[in-house]
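Fold and geometry: a report
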Amino acid sequence: MTTRIGIGIDYPTFRAKGWHGPGVLGPFGAAAAVGRLRKFDTETMAKAFGLAGSQAAGTFAAWGTPTVKFHQCAAHVRLMAALLAEQKFWPRANS
C-alpha cells in the first residue's frame, strides 16, 4: 500500500518540499497490513485508512467529526521526540 501511494504521487516534488515518505505514507501501509492480517471488511478497512490519514498529517475531510480529535492523539510521538532530544538524539546525521 505504501508503495502504491508513493507511485501515485510526484515523489521528487514531495521530497523537494521536505516530506519524508515513512511519516506520511507509512500509516497507510501499516493500516493495510493490519487490516489484511485481521481480515477487515471493506468498511472497516476504509475507516482504518481514514484514521491512518489523520495520523499521517491530518485532513480537513475529518473536520467537524470526532476523528479530528484523533489528529492530536499522536502526542506520545511528540513526547518521545522531546525525550530523545533531551538525550542528545539529533535528527540530522551531521550533528
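Residues numbered from 1 in each chain as written. Predicted model: local features only at pLDDT ≥ 70, side-chain atom pairs only at ≥ 80, totals over all residues. Heavy atoms only, no water.

1. Here's the deal with helix α4 (residues 42-56)
Helix length check: α4 (15 residues) gives 21 Å between terminal C-alpha atoms against 21 Å at 1.5 Å per residue, within 8%. Buried within α4 we find Met45, Ala48, Ala52, Gly53, Ser54 and Ala56. The backbone nitrogen of glutamate 43 lies 3.2 Å from a side-chain oxygen of the residue at the head of α4, namely aspartate 41. (Helix = DSSP H or I, 4+ residues; strand = E, 2+ residues; numbered from the N terminus. Expected span 1.5 Å × (residues − 1). Buried < 20%, exposed > 50% of the residue type's maximum accessible area, 1.4 Å probe, protein only. Polar contact = N/O pair within 3.5 Å; in protein donor to acceptor, adjacent residues only side chain to side chain.)

2. Observations regarding the nonpolar core
Grouped together as the largest cluster of nonpolar side chains are five residues: Phe28, Ala31, Ala48, Ala52 and Ala56. Those elements that provide at least two residues to this core are α3 (21-37) and α4. Take this core: its biggest share by element is three residues, from α4. (Core = buried A, V, L, I, M, F, W, Y, C linked by side-chain atoms within 4.5 Å.)

3. Considerations on α3
Helix length check: α3 (17 residues) gives 23 Å between terminal C-alpha atoms against 24 Å at 1.5 Å per residue, within 8%. The principal kink in α3, of about 30°, is found at proline 27. Within the sequence span of α3, burial applies to Gly21, Val24, Leu25, Phe28, Gly29, Ala31, Ala32 and Gly35. Residues of α3 that are buried sit in contact with α1 (2-8), α2 (11-16) and α4. In the segment just after α3, lysine 39 is the residue with positive phi, at about 60°. (Bend = angle between axes of the 7 residues up to and from the residue. Contact = heavy atoms within 4.5 Å.)

4. Some points on the environment of alanine 30
Inspection of the secondary structure puts alanine 30 in helix α3. Judged by its relative accessible area of 44%, alanine 30 falls in the partly exposed class. C-alpha of alanine 30 to C-alpha of methionine 1: the two residues are 29 residues apart in sequence and 8.5 Å apart in space.

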